[in-house]
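# Coordinates in review
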Amino acid sequence: MRVHPALLLVLLALTIPLVVELRTMAVWVGIELSIAQTAAVGAVLIGALVVWALFPAADVSPEAGNG
């Protein structure tokens, strides 16, 4: 796991207001998003964040033979 589970929880909690604000910013440039589209964007962002966090980090230590 790349990050501590508590940090992942904080990042997930911060993603929700980010998605809401992204919807507001999209309206400023003329992009209208429905609630369902906003929820889909949020689900994709949260899914990407979880996949990134759960994917193991590469070990580049000299003991691993990579350096």
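The paragraphs below set out a description of the structure included in this document.

About the criteria used
- Residues numbered from 1 in each chain as written.
- Predicted model: local features only at pLDDT ≥ 70, side-chain atom pairs only at ≥ 80, totals over all residues.
- Heavy atoms only, no water.
- Helix = DSSP H or I, 4+ residues; strand = E, 2+ residues; numbered from the N terminus.
- Buried < 20%, exposed > 50% of the residue type's maximum accessible area, 1.4 Å probe, protein only.
- Contact = heavy atoms within 4.5 Å.
- Expected span 1.5 Å × (residues − 1).
- Patch = residues over 30% accessible without salt bridge, like charges linked within 9 Å, V, L, I, M, F, W, Y side chains within 5 Å.
- Areas by Shrake-Rupley, 256 points an atom, 1.4 Å probe, with all protein chains shown as cover.
- Salt bridge = Lys/Arg side-chain N within 4 Å of Asp/Glu carboxyl O.
- Arc of directions from axis to C-beta.

## Section: the side chain of Thr 15
- Looking at the secondary structure, you find Thr 15 in helix α1 (residues 5-28).
- Among the residues examined, Thr 15 registers a relative accessible area of 8% and is labelled buried.
- With residues up to four places along the chain from it excluded, the contact list for Thr 15 reads Leu 45, Ile 46 and Leu 49.

## Side note on α1
- A rise of 1.5 Å per residue sets the reference length of α1, with its 24 residues, at 34 Å; its end C-alpha atoms lie 35 Å apart and thus fit the reference within 8%.
- Of all the positions in α1, only Leu 8, Thr 15, Val 19 and Ala 26 are classed as buried.
- Of the surrounding secondary structure, the elements contacted by the buried residues of α1 are α2 (35-54).
- Positive backbone phi, approximately 90 degrees, marks Gly 30, located one or two places after α1.

## Quick word on a nonpolar patch on the surface
- On the surface, Leu 18, Leu 22, Met 25, Val 27, Trp 28, Val 29, Ile 31, Val 41 and Leu 45 cluster together into a nonpolar patch covering about 870 Å² of accessible area.
- Of all the secondary structure elements, the ones that give two or more residues to the nonpolar patch are α1 and α2.
- The element best represented in the nonpolar patch is α1, accounting for 5 residues.
- As for its position among the elements, Leu 18 is in helix α1.

## Concerning α2
- Between its first and last C-alpha, α2 extends 28 Å over 20 residues, near the 28 Å set by a 1.5 Å rise per residue.
- Buried within α2 are the following residues: Thr 38, Gly 42, Leu 49 and Ala 53. When α2 is viewed along its axis, its buried side chains cluster within an angular range of 40 degrees and face the same direction. Among the exposed residues of α2, those oriented more than 90 degrees off its buried face are Ala 36, Val 44, Val 51 and Leu 54.
- Of the surrounding secondary structure, the elements contacted by the buried residues of α2 are α1.

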